Amino acid sequence: MSFAAGQPLYAVVPAAGVGKRMGSAIPKQYLPLAGRAILSHTLGLLLSHPRIDKVVVALGAEDGYFSDLAEAGHPDLIVVSGGAERSDSVRLALAELPEEAWALVHDAARPCLHHDDIDALLAQCGAQGAILASPVRDTMKRANGVGNIDHTVEREALWHALTPQLFPAKALSQALTEHQHNRAITDEASALELCGWTPKLVAGRADNIKVTHPDDLRLAELFLAAARSEQ
Ligand code: C5P
């Protein structure tokens with residue numbers, strides 16, 4: 001059954017990571033970005049989308065920052081404890097969803113998402129779910145393990161997988177449980193691909209970046225400023 005009007009839609013935000021690659025003392029989802037924490041931008045964006053019923057956020061066990069966010073007490077927000085891996089955090093958050101709900105899973109670390117990207121995902125989603133993605137633009141090389149090129153990879157059909165990713169909550173939960181210890185599961189779609197699903201690729205905006213390295217913060221700030229001036 002495809003996503004349709006009237007079905008409950010819950011956003012799921014894994015935010016239990018420590019963001020090792022940022023090299024900062026506080027988890028990256030709490031780093032300041034244009035005057036607010038990264039996670040505050042992400043939650044605000046999801047909570048203000050008219051089609052999203054509730055937002056479930058998975059936090060780390062030691063999280064001492066969340067209660068300071070303006071969104072912390074929002075009536076449509078549900079807080080759960082995350083797990084050791086991103087997929088564990090998503091699986092634990094999915095337990096809060098009604099059986100018939102659809103889950104829109106979005107990384108805490110992607111604060112520049114626009115409502116029109118969510119709208120495109122909802123509009124184009126088929127029976128086997130959908131993900132936001134962007135076609136690969138650069139020439140792609142596979143390395144030989146010692147820093148040299150082994151060969152060039154055909155980029156024609158290659159896409160970057162972004163979030164949000166939209167799936168029926170029950171099927172996604174079953175797939176993540178079945179493949180719980182598989183380290184190749186780095187997004188929601190990959191769990192369902194292992195179950196034989198072929199989710200739809202929906203071309204998303206290029207500014208929906210994941211804040212991973214310190215330099216990404218400056219870029220994210222520019223994208224947020226540009227979005228504000230568009231309004
Ligand atoms: O580290 P990375 O950027 O790939 O993490 C993607 C998202 O998954 C982040 O929002 C992070 O907080 C979340 N995560 C999680 N639980 C973990 C690890 C990562 O919720 N155990």
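Shown above is the structure to which this text applies.
This brings us to the site of the ligand. In the neighbourhood of the ligand, 15 residues make up the surrounding shell, with P14, A16, K28, G83 and S89 lying closest. With respect to the ligand, the backbone of P14 contributes an N or O atom lying 2.7 Å from an oxygen atom. Contact distances for the ligand include 3.5 Å between a nitrogen atom and a backbone N or O atom of E85. Here the ligand has 460 Å² of accessible area as a free molecule, and 86% of this is covered by the chains.

Of all 6 residues in strand β7 (residues 130-135), 5 are buried; the element is thus mostly enclosed. The pairing of β7 with strand β10 (residues 159-168) spans 5 bridges and is classified as antiparallel. Bridge pairing in β10 links S134 to H160. Alignment of β7 against strand β11 (residues 200-203), held across 4 bridges, turns out to be parallel. Residue pairing in the sheet places L132 in a bridge with V202 of β11.

A separate point is the pairing of strand β1 (residues 9-15). Every regular strand shows the same layout, with side chains that alternate between the two sheet faces. Within β1, 7 of the 7 residues are buried, which leaves the element mostly enclosed by the surrounding structure. Here β1 shows no split at all, with L9, A11, V13 and A15 on one side and Y10, V12 and P14 on the other all buried. When β1 meets strand β6 (residues 102-105), the two strands line up parallel, connected through 4 bridges. Following the sheet pairing, Y10 is matched in β6 by A103. Note that β1 and strand β4 (residues 54-59) share 6 bridges and pair parallel. Bridged to V13 within β4 is V57.

Reading guide: rules and limits
- Residues numbered from 1 in each chain as written.
- Predicted model: local features only at pLDDT ≥ 70, side-chain atom pairs only at ≥ 80, totals over all residues.
- Heavy atoms only, no water.
- Near = heavy atom within 4 Å.
- Polar contact = N/O pair within 3.5 Å; in protein donor to acceptor, adjacent residues only side chain to side chain.
- Areas by Shrake-Rupley, 256 points an atom, 1.4 Å probe, with all protein chains shown as cover.
- Buried < 20%, exposed > 50% of the residue type's maximum accessible area, 1.4 Å probe, protein only.
- Helix = DSSP H or I, 4+ residues; strand = E, 2+ residues; numbered from the N terminus.
- Pairing = 2+ DSSP bridges.

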